[in-house]
Amino acid sequence: MNRQSESVRVIGATVWLVLACGSPVAAQDRAIAIRGGTVIPVDGAVIPNGTVVMRGGKIIAVGSNVAIPAGAEVVDARGKYVMPGLVDAMTSLGISSSDMNEASDPLAPQLRISESFNPFGDFGSGQAGPLRMKELLSGGVTTMYIAPADAAVIGGQGAVVKTAGPTLASMIVRDPASIDMTLGEPPKKAAAQRQRDPATRMAEVAMLRQMLVRAQEYERNMVATPTLPRDLAMEALGKLLRREIPARLQANSPGDIRTAMNVAREFNFDLIIDGGAAAQVHQAALAERKIPVVLGQVSHPYVSNEEIPDKSEYPPVDEGTAAKLTAAGVKTAIASFSRAFGSLAPAGSAKWLLLDASIATGYGMSETDVLRAVTLVPAEILGVSTRLGSLTTGKDADVIVLDGPPLSIKTWVERVYVAGELVHVRQR
């Protein structure tokens, strides 16, 4: 492909990314074959000189001796690496800072973050200024979990979205995907600013438990009397209690993680620990109960605005946490937690998710496990692994091409496909 036609194609991809209304663009009917690269399926062995074929927004073939359909566009990937798009398992990207939590209510399970999501234009705030969706694509991120921030005990419902698409609706993968909760300092700090509860960890847990008790009673009453008035908050928590969606509960200290596990056991809901800076303290219990952990960046594991009053309650930064949890059998993802942070964790960007995760290889984590921690494992945790997270026939054609080994500091993401559409080409 010459430089002029490549420029035209990138312009087309940009239009496909930013269209916010009108008719959806038809899925890619013409086959695309990425040929000759080192293919990393993630769910299987690496394929030297492999080929990935996409058509209709899906992967239709992966292997070393793949027949390329007649008329297919062939992309020469010799000397390059091909792998699934990255899945960032926790962000608040695309959400205005004024829309991340409802200041009037620390218990708001009825809120849906997708109703504040606007991926078109500038959003968020990084260390270098405003973030844009194209910056995520330049880092190879094709899917992310968007969530309320951590200023509320129950912040609302999060969603799984793509980072490109012809319309906002087409970008939604799963909504709702979870209910986001927080224990520890952030809700206390936010409440103090508003001069309201919770003022203590005891109050946080009591308020959370009381809401769950109300939800249990609501479920029983609706069965007995279906004509009772609807309550959106209770309906949302009902999905949690019926185990239709999990709780994403941010907890960093050993005590907060222990409390989260106790509440999940008491009310019998599925739990995912977010942040988990001290998760290794409870790794045996987490593994036994099959509770996944979504860690923050290896370089900045504290993921919030927490101002720690008693540092003895929190362990020091441990870059080996991901390796320890994985070795213990805990399903572990590494996420960017991209949003405005406090002094403990400067703002991170999902653009550098893969590069930051690579630090874990220096602390005992295998390269295979690191790649899984930013692709297939987060897809499994988010409940979307039937569509995403690996180069597998039948899954969405979210594919990235890199100019070198994925975990090398010298490597750049050269091409990004979302649903078979080329949405990013690195400009040299």
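Whatever comes next refers back to the structure up there.
Owing to the predicted nature of the structure, the values given are computational and were not obtained by experimental measurement.

Notes on the overall build of the chain
Line of reasoning, step 1. When its secondary structure is counted, the chain shows twelve helices and 18 strands.
Line of reasoning, step 2. For the chain, the residues scored as buried account for 56% of the 428 residues in total.
Line of reasoning, step 3. Sequence separation of 24 or more characterises 67% of the internal contacts of the chain that already satisfy a separation of 6 or more.
Line of reasoning, step 4. If you sum the accessible surface of the chain, you get close to 17,600 Å²; carbon and sulfur atoms cover 52% of it.

Quick word on the environment of Arg214
Line of reasoning, step 1. Turning to its location among the elements, Arg214 is positioned in helix H5 (residues 201-224).
Line of reasoning, step 2. Sequence separation between Arg214 and Gly238 is 24 residues, and the spatial gap between their C-alpha atoms is 9.9 Å.
Line of reasoning, step 3. When near neighbours in sequence (up to four residues on either side) are disregarded, Arg214 contacts Asp231 and Met234.

Digging into the nonpolar core
Line of reasoning, step 1. Judged by nonpolar contacts, the single largest core of 84 residues is most densely connected at Leu212, Phe269 and Leu271.
Line of reasoning, step 2. Top contributing element to this core by residue count: H5, with eight residues.
Line of reasoning, step 3. Each of domain 1 (2-84 + 420-425) and domain 2 (86-388) gives at least three residues to this core.
Line of reasoning, step 4. Here Leu212 is in contact with Leu237, Leu240, Leu241, Val263, Phe267 and Phe269, once residues within four sequence places are set aside.

Observations regarding the sheet that holds strand E10 (residues 154-162)
Line of reasoning, step 1. Read from one edge to the other, the open sheet built from eight strands follows the order E6-E9-E10-E11-E12-E13-E14-E15, with strand pairing classed as mixed. Where the open sheet ends on each side, the last strands, each with one partner, are strand E6 (86-91) and strand E15 (332-334). The mean angle between the axes of side-by-side strands here comes to 25°, regardless of whether they run parallel or antiparallel.
Line of reasoning, step 2. Against the sheet, helix H7 (residues 254-267) contacts strand E12 (247-251) and strand E13 (271-275), and its axis sits at roughly 165° relative to E13.

Observations regarding the environment of Met171
Line of reasoning, step 1. Mapped onto the elements of the fold, Met171 is located in helix H3 (residues 168-171).
Line of reasoning, step 2. Through-space distance from the C-alpha of Met171 to that of Thr143 is 9.0 Å; in sequence the pair is 28 residues apart.
Line of reasoning, step 3. In contact with Met171, not counting residues within four places along its chain, are Pro119, Phe120, Met133, Val160, Val161, Lys162, Thr163, Ala164 and Gly165.

Structural notes on the packing of aromatic side chains
One pair of aromatic rings is described through two measures. These are the centre distance and the angle between the planes.
Line of reasoning, step 1. Summed over all chains, the structure comprises zero aromatic pairs.
Line of reasoning, step 2. A cation sits over an aromatic face here: Arg248 above Tyr145, 4.3 Å from the ring centre.

Side note on helix H4 (residues 185-194)
Line of reasoning, step 1. Listed in full, the buried residues belonging to H4 are Glu185, Pro186, Pro187, Lys188, Ala190 and Ala191.
Line of reasoning, step 2. Those residues of H4 that are buried lie in contact with strand E11 (172-182), H5 and E12.
Line of reasoning, step 3. Where H4 terminates, the next one or two residues include Gln195, which has phi positive at roughly 55°.

Considerations on the pairing of E13
Line of reasoning, step 1. Of all five residues in E13, five are buried; the element is thus mostly enclosed.
Line of reasoning, step 2. Two elements, E12 and E13, share five bridges in a ladder whose sense is parallel. Counterpart to Arg248 in the pairing with E13 is Ile272.
Line of reasoning, step 3. Where E13 and strand E14 (residues 293-295) come together, three bridges link them in parallel fashion.

Some remarks on H5
The α-helix advances 3.6 residues per turn, and as a result positions three or four apart in sequence lie on the same side.
Line of reasoning, step 1. Taking 1.5 Å of rise per residue, the 24 residues of H5 would be expected to cover 34 Å, and the 35 Å separating its terminal C-alpha atoms lies within 8% of that figure.
Line of reasoning, step 2. Listed in full, the buried residues belonging to H5 are Glu204, Val205, Met207, Leu208, Met211, Leu212, Ala215, Tyr218 and Met222.
Line of reasoning, step 3. Packing partners of the buried residues in H5 comprise E10, E11, H4, helix H6 (232-241), E12 and H7.

Considerations on the packing of H5 against H6
Line of reasoning, step 1. Here H5 crosses H6 at 90°, and the two axes come no closer than 9 Å. Judged by the angle between their axes, H5 and H6 are roughly perpendicular. Contacts from Met211, Leu212, Arg214, Ala215, Gln216, Tyr218 and Glu219 in H5 reach Met234, Glu235, Leu237, Gly238, Leu240 and Leu241 in H6.
Line of reasoning, step 2. Residues that form the contact of H5 with H6 fall into these classes: eight nonpolar, two polar and three charged.

Here's the deal with the pattern of salt bridges
Line of reasoning, step 1. If you walk through the whole model with that rule in mind, you get 20 salt bridges.
Line of reasoning, step 2. Taking the shortest distance from any N to any O, the salt bridge between Glu185 and Lys188 comes out at 3.2 Å. Of the two residues, Glu185 and Lys188 are both situated in helix H4; the distance of three residues between them amounts to about one turn of the helix.
Line of reasoning, step 3. A residue is classified by how much of its surface remains accessible, and Lys188, at 18% relative accessible area, is buried.

Definitions and cut-offs
Residues numbered from 1 in each chain as written. Predicted model: local features only at pLDDT ≥ 70, side-chain atom pairs only at ≥ 80, totals over all residues. Heavy atoms only, no water. Helix = DSSP H or I, 4+ residues; strand = E, 2+ residues; numbered from the N terminus. Buried < 20%, exposed > 50% of the residue type's maximum accessible area, 1.4 Å probe, protein only. Contact = heavy atoms within 4.5 Å. Areas by Shrake-Rupley, 256 points an atom, 1.4 Å probe, with all protein chains shown as cover. Core = buried A, V, L, I, M, F, W, Y, C linked by side-chain atoms within 4.5 Å. Domains from an automatic or database assignment. Pairing = 2+ DSSP bridges. Axes fitted to C-alpha atoms, helices over the stretch in contact; angles between N-to-C directions. Phe/Tyr/Trp six-rings, centres within 6.5 Å; stacked < 30°, edge-to-face > 60°. Lys NZ or Arg CZ within 6 Å of the ring centre and 35° of its normal. Expected span 1.5 Å × (residues − 1). Parallel < 35°, antiparallel > 145°, perpendicular 65-115°, else oblique. Nonpolar A, V, L, I, M, F, W, Y, C, P; charged D, E, K, R; others polar. Salt bridge = Lys/Arg side-chain N within 4 Å of Asp/Glu carboxyl O.

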